[in-house]
Amino acid sequence: MRAQSVAESTKTTRSFVGQWTLFRRRFFRHRLAVSGLVVLAMLVIACFGAPWLAPFQENHQDLITGSTGPSAVHWLGTDELGRDFLSQLLYAGRISMSVGLGVGVLSTIVGVLLGSLAGYFGGWVDELIMRLVDLFLVVPPIAILALVLQGFGSTSATIVLALSALGWTVIARVARSQVLSLREKEFVDAAIVLGASSMRVIVRHMIPNLAGVIAVNVSLAVAAAIITESTLSFLGFGVQPPDSSWGNMLSQAAGLLGTPQVHLLLYPGLLILITVLSVNFIGDGLRDALDPQTKR
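Residues numbered from 1 in each chain as written. Predicted model: local features only at pLDDT ≥ 70, side-chain atom pairs only at ≥ 80, totals over all residues. Heavy atoms only, no water.

This part is about the confidence of the model for the chain. Counting all residues, the mean pLDDT for the chain is 81, and 91% of those residues have values of 70 or more. For the chain, per-element mean pLDDT is lowest for helix α1 (residues 2-29), which scores 59, and highest for helix α2 (residues 31-48), which scores 92. Contacts from residues 1-13, a stretch scored under 50 in pLDDT, to residues over four places away or in other chains number zero contacts. (pLDDT = per-residue confidence, 0-100. Helix = DSSP H or I, 4+ residues; strand = E, 2+ residues; numbered from the N terminus. Contact = heavy atoms within 4.5 Å.)

As structure tokens, this is what we get:
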């Protein structure tokens, strides 16, 4: 018995190593995904390492200097309050990326679980969850978000919870449709015959088969959350001073278009664009790497 257990454990380990090797080979074959991963990693390190990497402290003002262009001391110049703009971009990136990653992970977890439950059990469970999805889909998101943030405060946590509450519906519908298909597969019937509980079948056998869908949704949700947070901050409903995000930096520099300080408007927008593109490229690479139908 012990020899058999060791043999099964060795077989499982080899299978995992083989799957990881195949995933790694597929992912690194996708050049845009690798480039996006490198760029995103650099941005994450720079932004979350801002207390150690930024040239100046957050919101450090020099009113005498005022707004200046790029120089040897201030590489990206300063804003109207004399704050080093590079430092402000790095500190603001922490909030923008935290919101994006938080919403992407939280909304995907909720959506996959509820969608899987709806697809597997069907009946009144499916009806209840899908009618809840329909209710959230007909709600105008920006208006609801503005009301929620005005009522509960425009903190990062509130923004993450509000965006997650509105963003889980898309992946829930996708997960439901995938589980409806997987429910008819032979490996599910075999697991049920062997005595696996419903939750074990869902968590152990169905959700792993949704890995490609989940990876793509996380990337799309992260990108959408960053853009939505930036939109809310640009409209004045997002992160409030003295905290900064790339969105409210855009809002503060909105009146500088056509002036010598237009670079204060371009840099936050460029970072949002680069981050969203990088996340989308990574999502494409993960989808291809996790797709069992992809050629080796």
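Attention now goes to the packing of aromatic side chains. Scanning the model with the defined rule gives four aromatic pairs in all. Geometrically, the ring pair formed by Tyr120 and Phe121 is edge-to-face, given 5.2 Å between the ring centres and 90° between the ring planes. (Phe/Tyr/Trp six-rings, centres within 6.5 Å; stacked < 30°, edge-to-face > 60°.)

Attention now moves to a nonpolar patch on the surface. A grouping of Val39, Leu270, Leu273, Ile274 and Leu277 is seen on the molecular surface, where their side chains present a nonpolar patch of about 380 Å² in accessible area. Counting residues per element, the nonpolar patch draws most heavily on helix α12 (residues 263-290), at four residues. The topology assignment puts Leu273 in helix α12. Given a relative accessible area of 47%, Leu273 falls into the partly exposed group. (Patch = residues over 30% accessible without salt bridge, like charges linked within 9 Å, V, L, I, M, F, W, Y side chains within 5 Å. Areas by Shrake-Rupley, 256 points an atom, 1.4 Å probe, with all protein chains shown as cover. Salt bridge = Lys/Arg side-chain N within 4 Å of Asp/Glu carboxyl O. Buried < 20%, exposed > 50% of the residue type's maximum accessible area, 1.4 Å probe, protein only.)

Under the defined criterion, the tally for this structure stands at five salt bridges. When the shortest N-O distance is used, the salt bridge between Arg176 and Asp126 registers 2.7 Å. Taken together, the residues span a long stretch of sequence, with Arg176 in helix α7 (residues 156-182) and Asp126 in helix α5 (residues 123-137) at a distance of 50 residues. Residue classification places Arg176 among the partly exposed residues on the basis of a relative accessible area of 22%. Its relative accessible area of 13% is what places Asp126 among the buried residues. Notably, a salt bridge pairs Asp134 with Arg131, separated by 2.7 Å at the nearest N-O pair. Within this pair, Asp134 and its partner Arg131 are both found in helix α5, separated by three residues, close to a single helical turn. Ionic contacts of the salt-bridge type, sharing partners, join the residues Glu127, Arg131 and Asp134 into one network.

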